[in-house]
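Secondary and tertiary structure notes
Chain by chain, the residues:
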Amino acid sequence: MIEFTNVSKKYANGVIGLHNINIQIESGEFLFVIGPSGAGKSSFLKMINCQEKATGGEIKVNGIEITRLSRFKIPKLRRQIGVVFQDFKLLKKMTVYQNVAFALEAIGLPKEEVRQKALDALTLVGLEGKLLFYPNQLSGGEQQRVAIARAIANNPDIIIADEPTGNLDPDNSIQIVNILKELNKQGKTVIMATHDHELIFGQDCRVVTIDHGTIFSDEVRGYYENN
Ligand SMILES: Nc1ncnc2c1ncn2[C@@H]1O[C@H](COP(=O)(O)OP(=O)(O)OP(=O)(O)O)[C@@H](O)[C@H]1O
């Protein structure tokens, strides 16, 4: 479970990114986070893996209070959380396989486990036939699928996706959401920020709207039922 209690984020330059956020996200939920540009969606996601630290309030992830976590304990938290970004963040000089394997090697897994986990993750996203391709030989949708494989390869409980479809056309966007929904069916908590209202129409999921750094609405099935 992820639990925010009175969470605020004031950046060093004085800008308020988040103000008094209270929310509980159960394990196994699929949550869309929507809101206009600058609303605080990325700030909200960055709190969960300590990419940014809250300046007020408390955040618990699977029972652990993370706002005052020492920097030595952050890697352990991050191993529970897979992150997917809008711009894929793939390493250009590495193949599809190497991009996923590299992330697993970096946490010190043995070679055989790296191989198995990388192949399993790439198979799950349908890229087992493109292991030796380089990112610039792939479509945007395929590149994002590599990034998802990298995020899930070590079997995290939680997936955070910050505008993962922001650079993709509608068909590829749907495909990415379908992969995230499949991962959610397998038990993972998925939190996805998006600008794209069209994409979430008809999706039977909880939708949280953030505006001016606060939670403006939190609809368990509202979007689905009203649209
Ligand atoms: N590192 C930072 N330093 C200072 N201000 C920041 C920083 N990161 C974000 N902000 C500010 O915090 C507010 C919320 O930004 P955030 O990136 O969380 O919004 P967002 O909803 O994700 O926007 P977008 O949809 O455009 O990505 C904005 O006013 C932004 O300028």
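The notes below deal with the structure included here. No experiment lies behind these values; they were computed from the predicted model shown.

Further remarks concern the nonpolar core. Counting residues in hydrophobic clusters, the biggest one holds 39 residues, and the most contacted among them are Phe32, Ile148 and Leu180. Going through the elements one at a time, strand 3 (30-34), helix 3 (96-106), helix 4 (111-124), helix 5 (140-152), strand 7 (158-162), helix 6 (170-185), strand 8 (189-194) and helix 7 (197-200) are the ones with two or more residues in this core. Not counting chain neighbours up to four residues away, the residues in contact with Leu180 comprise Phe30, Ile148, Ile159, Ala161, Pro164, Val190 and Met192. Ile2, Ile59, Ile66 and Ile81 belong to the second-largest nonpolar core, a separate cluster that totals 30 residues.

Before going further, it helps to spend a moment on the site of the ligand. Inspection of the region around the ligand gives 13 residues, with Ser37, Gly38, Lys41, Ser42 and Ser43 positioned closest. Here an oxygen atom of the ligand sits 2.7 Å away from a polar atom, N or O, in the side chain of Lys41. At 2.6 Å from an oxygen atom of the ligand is found a side-chain nitrogen or oxygen belonging to Ser43. With three residues, helix 1 (residues 41-48) is the single largest residue contributor to the shell around the ligand.

Okay, the packing of aromatic side chains next. What the rule picks out here adds up to two aromatic pairs. With 4.8 Å between their ring centres and 40° between their planes, Phe4 and Phe44 make a pair best called tilted. Taken together, the residues span a long stretch of sequence, with Phe4 in strand 1 (residues 2-10) and Phe44 in helix 1 at a distance of 40 residues. Per residue, the accessibility class of Phe4 equals that of Phe44, and both read buried. Ring centres 5.0 Å apart and planes at 55° place the aromatic pair Phe30 and Phe32 in the tilted group. Exposure remark for Phe30: the relative accessible area of 5% places this residue in the buried category. By relative accessible area, Phe32 is classed as buried at 0%. Over the face of the ring belonging to Phe85 we find Lys89, whose NZ or CZ atom lies 5.1 Å from the ring centre.

Moving on to the sheet that holds strand 5 (residues 64-65). Strand order in this open sheet of four strands is 2-1-4-5, and the pairing throughout is antiparallel. The open sheet is flanked by strand 2 (16-25) and strand 5, the only strands paired with a single partner. Those strands touched by helix 1 are strand 1, strand 2 and strand 4 (56-61), and its axis lies near 60° from that of strand 2.

Rules and cut-offs
- Residues numbered from 1 in each chain as written.
- Predicted model: local features only at pLDDT ≥ 70, side-chain atom pairs only at ≥ 80, totals over all residues.
- Heavy atoms only, no water.
- Core = buried A, V, L, I, M, F, W, Y, C linked by side-chain atoms within 4.5 Å.
- Buried < 20%, exposed > 50% of the residue type's maximum accessible area, 1.4 Å probe, protein only.
- Helix = DSSP H or I, 4+ residues; strand = E, 2+ residues; numbered from the N terminus.
- Contact = heavy atoms within 4.5 Å.
- Near = heavy atom within 4 Å.
- Polar contact = N/O pair within 3.5 Å; in protein donor to acceptor, adjacent residues only side chain to side chain.
- Phe/Tyr/Trp six-rings, centres within 6.5 Å; stacked < 30°, edge-to-face > 60°.
- Lys NZ or Arg CZ within 6 Å of the ring centre and 35° of its normal.
- Pairing = 2+ DSSP bridges.
- Axes fitted to C-alpha atoms, helices over the stretch in contact; angles between N-to-C directions.

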